[in-house]
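This is what each chain is made of:
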Amino acid sequence: MNQSVRQPLQPIRIGHSACPHDCPSTCALEVEVLDDRTIGRVRGAPDNAYTQGVICAKVARYAERIHHPDRLMRPMRRTGPKGSGAYQAISWDDALDLVAEKFLEAERRHGAQSVWPYYYAGTMGLVQRDGIHRLRHAKKYSGFHSTICVNASYTGFAAGTGRIAGPDPREMAKSDLVVIWGTNPVNTQVNVMTHATHARKDRGAKIVAVDVYMNGTMEQADLAVMVKPGTDGALACAVMHCLFRDGKADWDYLEKYTDVPRELEAHVRSRDPQWASAITGCPVETIEEFARLVGATKRAYFRLGYGFSRSRNGPVNMHAASCIPAVTGAWLHEGGGAFHNNADIYHWDKSTIEGSDMRDKSVRMLDQSRVGAILTGDREALRNGPPVAAMLIQNTNPVSVCPDQDVVKRGFAREDLFVCVHEQFMTETARMADVVLPATMFMEHDDVYQGGGHQYIILGPKLIEPPGECRSNHTVNCGLAKRVGAEHPGFAMSERELIDHTLRKSGWGTLERLEREKWIDCQPDFDTAHYIKGFAYPDGKFRFKPDWPKVPFRMAVHAGPIAAMPALPDHWSIIEEADEAHPMRLATSPSRGFLNSTFNETASSRAANRGRPEVMIHPEDAGKLGIADGAEVVIGNTRGQVRLHARVFDGVRRGVLIAESIWPNDAYPDGRGINTVTGADAIAPYGGAAFHDNRVWIRPSA
């Protein structure tokens, strides 16, 4: 008698990795590896003390992205007009030969600085993200002034502390008051909410959220403090006014640890809640309640995000908010103080990855955010140097994400500009390229990551083989280096060798150790993290009165109206205020389904974002303008116009519009994305883009 024999199910292999995307959580991951080319579910690593098994929905669905049918699979050469999408497949050797030929031609005609390697944070891995600099430095190509993300926030935080580091992020769970300011972690870094809600559940802690609209984080807060975009400095000053007024300032701490406490007290005496309410739109009663909670709670943890720094007064706003726990002495307590990012705890030596030992400081630095002005020949933006004639673009999508989009598009449309884009999907930028190269995703190559929002170094090993002919950034950079004559020891090393070498040079052990342990906890001791022995200035004092042009920063390229920056915390009225022609102010806040322009190719993320680009408008503003919920509208200013749909929503202030982004440009009826109306003028003192600081008009679509 024949019997069918049921084969036992093979156990699914679990691989360990790290989320590579530009979110400070840098989650530790467990990945189901189904075979050598296929993954299943992705989960947070439960034994990582920061991730605690929790990750965002978009990364949990990563199989949808890594196995997406629209991934680029072959190198391609453009055969039609720029932007037409007309390409033909070519071999890798032919593609790299062509790129090298064009780079060498640009160098012969205009000099090496006419080549501009352009990158950003599509991956946060140290090898795959930063290795492009090795090619840059070896060839003396134009420098890259990285401005699109952290310049304003890092500068504002370091203005007070002197360093980008703070209390252990896990201490949020030990706080009695968690203040989440200028970030929407429900959308952007879910682990902040994990630790904040632990504090609420275990200690009865209160959560205060400060933001420009009623988003998911504001809805979960015990106190939601809604301000107009760019007015956070006024709110912070009013809170400090109340702390001094009500005897809640810790004068022993102030005299020992801060620079000019008496001057600050006198300065904020006139900046009361009535003054701040007129600027922020926030009711006096809410400001008073916020100040009361802060004054009554020594264990107050200020989790300061990036969003409220993306205004022309962003560094001043960040600094003002960071001053509050210095007034109360919250830094002395576990679960107290201010945290923005832990960038300065890792003491990396990335010289082999980046080739920084070959850097020529006389080579010009070109501003990432001003790519439109640079490519359209603005002499000041070009630093009075040669035109940019050739580019290699990795890990970023500037035609979608950069400000002043119409100018950016004109720049990339130049027929005399050669562009090679190394990408995972056919993005807006890839469609403007002369050569498109298919790129690996993070589970298809080796890399190492550092946490910004936490304190771990995490290994991200190769778990599966890439599809088609996809190659890693490191492989492409090494292939180009050979063809253009760039020499450096890093080009002869594999990704794993670079990781091991960098760990050893930086004092973090070996790759073998990291493979065994999966991650390294780099958190400094309590006294260091809380600045108990003094802040990171020579005199050990927190700066209420920073010397703005000398604030410590990793890339101190001065920009913007530095001389006009206020000496003490204040509302700096340099923001793009509404006027008669542009009566509304627009912020382009992060969405839940996308991470910048990443994930906007997946159906589930588009569905999570309501299926189309929308702009939120208050019901009274909508009624006055004759705008119905769901109707097509046009917003615009002197930079251009964007067509999208209205979402009537009473969770925004009157006069304020919120567009959660970044949708692909082709999701808009006119093909113009939201950054058509954002400005590329530089934020003082070290540059940056004011994505949330725009005056616009809005009207029903004709």
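Residues numbered from 1 in each chain as written. Predicted model: local features only at pLDDT ≥ 70, side-chain atom pairs only at ≥ 80, totals over all residues. Heavy atoms only, no water.

A.B. asks: Which residues make up a nonpolar patch on the surface, and what are the values?
C.D. replies: Together, Ile12, Ile14 and Leu34 give the surface a local cluster of nonpolar side chains, amounting to about 240 Å² of exposed area. The residue Ile14 is located in strand β1 (residues 13-18) in this model. What makes Ile14 partly exposed here is its relative accessible area of 33%. (Patch = residues over 30% accessible without salt bridge, like charges linked within 9 Å, V, L, I, M, F, W, Y side chains within 5 Å. Areas by Shrake-Rupley, 256 points an atom, 1.4 Å probe, with all protein chains shown as cover. Salt bridge = Lys/Arg side-chain N within 4 Å of Asp/Glu carboxyl O. Helix = DSSP H or I, 4+ residues; strand = E, 2+ residues; numbered from the N terminus. Buried < 20%, exposed > 50% of the residue type's maximum accessible area, 1.4 Å probe, protein only.)

A.B. asks: Lay out the packing of aromatic side chains in plain terms, naming residues and giving numbers.
C.D. replies: What describes a pair of aromatic rings is the distance from one ring centre to the other and the angle between the planes of the rings. Tallied over the full model, the rule gives 22 aromatic pairs. On the basis of an interplanar angle of 90° and a centroid distance of 6.5 Å, the ring pair of Tyr257 and Phe535 is categorised as edge-to-face. With a gap of 278 residues between them, Tyr257 in helix α11 (residues 251-257) and Phe535 in the loop between α23 (526-529) and β20 (584-587) connect regions that are remote in the sequence. By relative accessible area, Tyr257 is classed as buried at 7%. Here the aromatic rings of Phe594 and Trp663 are separated by 5.0 Å at their centres, their planes lie at 85°, and the arrangement is edge-to-face. Of the two residues, Phe594 sits in the loop between β20 and α24 (603-608) while Trp663 sits in the loop between β24 (656-658) and β25 (694-700), which places them 69 residues apart along the sequence. Overall, the relative accessible area of 3% leaves Phe594 in the buried class. Here the aromatic residues Tyr253, Tyr257, Trp331, Tyr531, Phe535, Phe542 and Phe544 are joined through ring pairs into a cluster of three or more. A cation over a ring is seen here: Arg543 above Tyr537, with NZ or CZ 4.3 Å from the ring centre. (Phe/Tyr/Trp six-rings, centres within 6.5 Å; stacked < 30°, edge-to-face > 60°. Lys NZ or Arg CZ within 6 Å of the ring centre and 35° of its normal.)

A.B. asks: Explain the sheet that holds strand β2 (residues 28-35) to me, using residue names and the numbers behind them.
C.D. replies: The strand order across the open sheet built from three strands is β1-β2-β3, with neighbouring strands paired in antiparallel fashion. Taken across any chain shown, the strands that pair with only one partner, and hence form the sheet edges, are β1 and β3 (38-44). Neighbour-to-neighbour, the strand axes of this sheet turn through a mean angle of 30°, independent of strand direction. (Pairing = 2+ DSSP bridges. Axes fitted to C-alpha atoms, helices over the stretch in contact; angles between N-to-C directions.)

A.B. asks: Describe empty space enclosed by the protein, with residues and values.
C.D. replies: Taken as a whole and judged by the stated rule, the model has one cavity of 30 Å³ or more. As a volume, the largest cavity reaches approximately 140 Å³. Lining the largest cavity are 18 residues, and of these Cys23, Cys27, Cys56, Val59 and Thr188 sit closest to its centre. Elements with a contribution of two residues or more to the lining of the largest cavity: α1 (57-60), α7 (185-188) and α8 (190-203). (1 Å grid on protein atoms, 1.4 Å probe; cavity = no way out; pocket = protein on both sides within 12 Å on 5 of 7 lines; lining within 4 Å. Points joined across faces, edges and corners; volume = space filled by probe spheres on them.)

A.B. asks: Account for the pairing of strand β6 (residues 115-119), naming residues and giving values.
C.D. replies: The buried fraction of β6 is high, at five of five residues. Here β6 shows a buried face lined by Val115, Pro117 and Tyr119 and a second buried face lined by Trp116 and Tyr118. Pairing of β6 with strand β14 (residues 390-394), which is carried by five bridges, proceeds in the parallel orientation. By the bridge assignment for β14, Tyr119 is matched with Gln394.

A.B. asks: Give a detailed account of unusual backbone geometry, specifying residues and quantitative values.
C.D. replies: For the peptide bond that leads from Ser661 to Ile662, omega is 5°, which places it in the cis range. Position of Ile662 among the secondary structure elements: in the loop between β24 and β25. Residue Lys140 is not a glycine yet carries a positive backbone phi of 65°. The residue Lys140 is located in the loop between α5 (132-139) and β7 (143-145) in this model. Backbone geometry places Arg383, a non-glycine residue, at a positive phi of 55°. Within the secondary structure, Arg383 sits in the loop between α17 (371-375) and β14. Judged by relative accessible area, Arg383 falls into the partly exposed class, the value being 45%.

A.B. asks: Explain the confidence of the model for the protein chain to me, using residue names and the numbers behind them.
C.D. replies: On average, residues of the protein chain score 96 in pLDDT, and 99% of them are at 70 or above. Ignoring residues within four places in sequence, the model shows residues 1-7, a span with pLDDT below 50, making zero contacts including any to other chains. (pLDDT = per-residue confidence, 0-100. Contact = heavy atoms within 4.5 Å.)

A.B. asks: So, the sheet that holds β6: which residues are in play, and what are the values?
C.D. replies: In space, the six strands of this open sheet follow the order β5-β4-β16-β15-β14-β6, with mixed pairing throughout. The open sheet has two edge strands with one neighbour each: β5 (87-89) and β6. On average, each strand axis in the sheet is inclined to that of its neighbour by 20°, with strand direction left out of account. Both strand β15 (residues 418-423) and strand β16 (residues 435-438) contribute to a ladder of four bridges, which runs parallel. Bridge assignment links Glu423 to a residue of β16, and that residue is Pro438. Running at roughly 135° to β16, helix α3 (residues 92-110) makes contact with β4 (76-78), β6, β14, β15 and β16 of the sheet.

A.B. asks: Break down the packing of α3 against helix α20 (residues 473-484) for me, with residues and values.
C.D. replies: The N-to-C vectors of α3 and α20 enclose an angle of 55°; their axes lie 9 Å apart at closest approach. Our classification of the angle between α3 and α20 gives oblique. In the crossing of α3 with α20, the sense of the turn from one axis to the other is right-handed. Between α3 and α20, the contacting residues are Trp92, Asp93, Leu96, Asp97, Val99, Ala100, Phe103 and Leu104 on the first element and Val476, Gly479, Leu480, Arg483 and Val484 on the second. (Parallel < 35°, antiparallel > 145°, perpendicular 65-115°, else oblique. Left-handed = near helix turned anticlockwise from the far one by under 90°.)

A.B. asks: Explain the pattern of salt bridges residue by residue, including any values.
C.D. replies: All told, the structure shown has 54 salt bridges when counted by the stated rule. One salt bridge connects Glu288 with Arg245, and the closest N-O pair in it is separated by 2.8 Å. One end of the pair, Glu288, is in helix α14 (residues 284-295); the other, Arg245, is in helix α10 (residues 232-245), and 43 residues separate them in sequence. A relative accessible area of 24% places Glu288 in the partly exposed class.

A.B. asks: So what about the state of the cysteines? Which residues, and what values?
C.D. replies: Between two cysteines, a covalent bond joining their sulfur atoms is known as a disulfide. All chains considered together, the criterion is met by zero disulfides. Cysteine Cys149 remains unbridged, with the sulfur of Cys23 as its closest cysteine sulfur at 11 Å. The thiol of Cys402 is unpaired, and the distance to the nearest cysteine sulfur, on Cys149, comes to 12 Å. Residue class for Cys402 comes out buried when judged on its relative accessible area of 1%. (Disulfide = S-S within 2.5 Å.)

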